[in-house]
Amino acid sequence: MNKTLLNKILITLAFLFAYRILAYVPVPGVNVDVIKEFFNSNSNNALGLFNMFSGNAAERLSIISLGIMPYITASIIMELLAATFPNLGKMKKERDGMQKYMQIIRYATIVITIVQAIGVSIGLQSLTGRQGEQAIMIEINLFIAIAAASMLTGTMLLMWIGEQITQRGIGNGISLIIFAGIVSGIPSAIGGTINLVNTGEMNFLVVIGIFVVILLTIGIIIFVEMGERRIPISYSRKVIMQNQNKRIMNYIPIKVNLSGVIPPIFASAILMFPSTILQASTNKYVQAVYDFLNPNSYTFNFLTFLFIIFFAYFYASITFNTKDISENLKRQGGFIPGVRPGEHTAEYLNEVASRLTFSGAIYLGLISTLPWVLVKFMGVPFYFGGTSVLIVVSVALDTMRRIEAQNYMSKYQTLSAVGL
C-alpha cells in the first residue's frame, strides 16, 4: 500500500472517529437517562430505526441525533425538482451551477434540521421517566432555542465531515457516515441477543436462523452488486490506428443495480421524516398515522418496497444518461455492433438499462423487506431489516473498489515514472 492511499485511509478513519465522538455530546439541558429509557422501550418502531441510522446518537439526544437524514431529505427534494424543472437540471450539469445547486441543498438542510429539532424539542416537553423525572431540565423555550442551535450545528458538522471524507479521504463520505452509524450498533445488538438467550426470551435455534438469514442476505447482495451487463463497443479503423499503443475499453459495463444503495436510504429518509414530526402529537388520529408508519408493521415495509422501486428507476435515470453516453461514443468513433450511432444507440442503451433497473429494483425491494418478514415469522422481539445489511455490504464493497482503484493507479504511475 502506497503512502498516499494510506494517508487517505487514515484521514477517513480520523473523520469517522470524530463523528463517533460527536455522538456522545448531548444537547445541553436534557436528562439523558430519561431519553435512553424512552428509546429502549421503543426499539422496535420508527424510533428504533431512526436511532440505528443515527448510530445510537438519538438515544443520547446528541447534537448529531438527527444524523445526516436532513441532508439526504434535502437532496431528494432537489433531485425531484431538478428532474421536473429543466433550468434547475441544466444548472446541475454546469460546473458553476453545481456549486449553486449544492448551496441550495445546504440551505434546505438548515431549514429541515431546524423544523425537526423544534419538533423533537416540543415532543420531549411531556416526556417523563419511570420515577416521574422530566426529560427537559431547563425552561422549555430556552431549551427549544438551545436544542435547535445544537442540532443544527451537529448536522452541519456531519455535512462537513462527509464532504471532507469524499474530497480528502477514500469513499463516499455520506455513505460512510451512515455505514459507521449502523456498524457502531452491532456490538450492543450482539450483547442484547445474548442477554435474550440467557434469560430465555429467545430460543438459540432462532438465533441460528437469524444468522443464516444474515449470511444469505450478504451473499445475495455481493452476488448482485458484482454483476454487470457488458455492452460490446467497436471503434473505427482510424481510432484504432491512432491509439494502437493504448488500451481501448471495448465494452460499456452496466451494473445490475444501477442505483446502488441510494433508493433504500431515500425511502428510509422519506418514511422516517413524518414519523419524527408526528411523534410529538397526542392527537389520536395523528398517532394512528404514526402507528401506520411503524417499521415493525407490514404497511411500513410495503411502502418501503414501493418507494425503493420508484427511487431505483428515478436515480438510475439520473446516474446513467444514455443520451450523453451515445454522444460521447459518436465523438470518439465508437459504436455498438448492429446499432446505429446517435439516437438509436441511446434507445438501445435505455432499453437495456430499463430491463436491468427492473431486476435491480425488485432485488433492492426484496432485500430491504424480506429479511424483516422472515425474522418477524420467527418471532424476534426486536427490529431487524435488510436495509441496514444492504447499506453496510454495499458501502463496504464500494470502498474496497475505490481502494483497489487507488492502489492500481499508484502502480501505473510508478511504472510510468520508471519507464520515463
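Conventions adopted
- Residues numbered from 1 in each chain as written.
- Predicted model: local features only at pLDDT ≥ 70, side-chain atom pairs only at ≥ 80, totals over all residues.
- Heavy atoms only, no water.
- UniProt positions renumbered as here; feature names shortened; annotations may be inferred.
- Helix = DSSP H or I, 4+ residues; strand = E, 2+ residues; numbered from the N terminus.
- Buried < 20%, exposed > 50% of the residue type's maximum accessible area, 1.4 Å probe, protein only.
- Contact = heavy atoms within 4.5 Å.
- Areas by Shrake-Rupley, 256 points an atom, 1.4 Å probe, with all protein chains shown as cover.
- Salt bridge = Lys/Arg side-chain N within 4 Å of Asp/Glu carboxyl O.
- Core = buried A, V, L, I, M, F, W, Y, C linked by side-chain atoms within 4.5 Å.
- Phe/Tyr/Trp six-rings, centres within 6.5 Å; stacked < 30°, edge-to-face > 60°.
- Lys NZ or Arg CZ within 6 Å of the ring centre and 35° of its normal.

Per an unreviewed UniProt entry, the chain is named Protein translocase subunit SecY, and its organism is Campylobacter gastrosuis. Turning to the chain, the UniProt annotation filed under Subunit (unreviewed entry) states: "Component of the Sec protein translocase complex. Heterotrimer consisting of SecY, SecE and SecG subunits. The heterotrimers can form oligomers, although 1 heterotrimer is thought to be able to translocate proteins. Interacts with the ribosome. Interacts with SecDF, and other proteins may be involved. Interacts with SecA."

This part is about the overall build of the chain. Secondary structure assignment for the chain yields 17 helices and four strands. Across the 420 residues that make up the chain, the buried fraction comes to 46%. In the chain, once contacts between residues fewer than 6 apart in sequence are set aside, the share between residues at least 24 apart is 76%. Here the chain has roughly 22,100 Å² of accessible surface; of this, 64% comes from carbon and sulfur atoms.

Across all of its chains, the model carries five salt bridges by this definition. In this structure, the salt-bridge partner of R230 is E228, at a minimum N-O distance of 2.8 Å. Notably, a salt bridge pairs R355 with E351, separated by 3.1 Å at the nearest N-O pair. With R355 and E351 both in helix α16 (residues 343-378) and four residues apart, this pair spans about one turn of that helix. Assessed through its relative accessible area of 44%, R355 is described here as partly exposed.

So, on to the nonpolar core. The biggest cluster of nonpolar side chains holds 79 residues, and the ones touching the most others in it are L61, I72 and I178. For this core, the element with the highest residue contribution is helix α7 (residues 140-168), accounting for 10 residues. Not counting chain neighbours up to four residues away, the residues in contact with L61 comprise P26, V27, V30, I35, V120, L124, F143 and M151. Ranked by size, the runner-up nonpolar core spans 15 residues in total, among them I254, A316, L329 and A353.

The next point concerns the packing of aromatic side chains. Counted according to the given criterion, the structure contains four aromatic pairs. A centroid spacing of 5.6 Å and a plane angle of 75° characterise the contact between F15 and W160, whose relative ring orientation is edge-to-face. Here the residue F15 occupies a position in helix α1 (residues 3-22), and W160 occupies one in helix α7, the gap between them amounting to 145 residues. A relative accessible area of 44% means that W160 is categorised as partly exposed. Aromatic pair F310 and F311: ring centres 5.2 Å apart, planes at 65°, arrangement edge-to-face. A relative accessible area of 3% means that F311 is categorised as buried. Through successive ring pairs, a cluster of aromatic residues spans F307, F310, F311 and F314. The lysine or arginine in question, R20, covers the ring of Y19, its NZ or CZ lying 5.4 Å from the ring centre.

With respect to the helices, strands and loops of the structure, L216 is situated in helix α10 (residues 204-225). Given the relative accessible area of 54%, L216 is considered exposed. In this structure the C-alpha to C-alpha distance between L216 and P371, which are 155 residues apart in sequence, comes to 9.5 Å.

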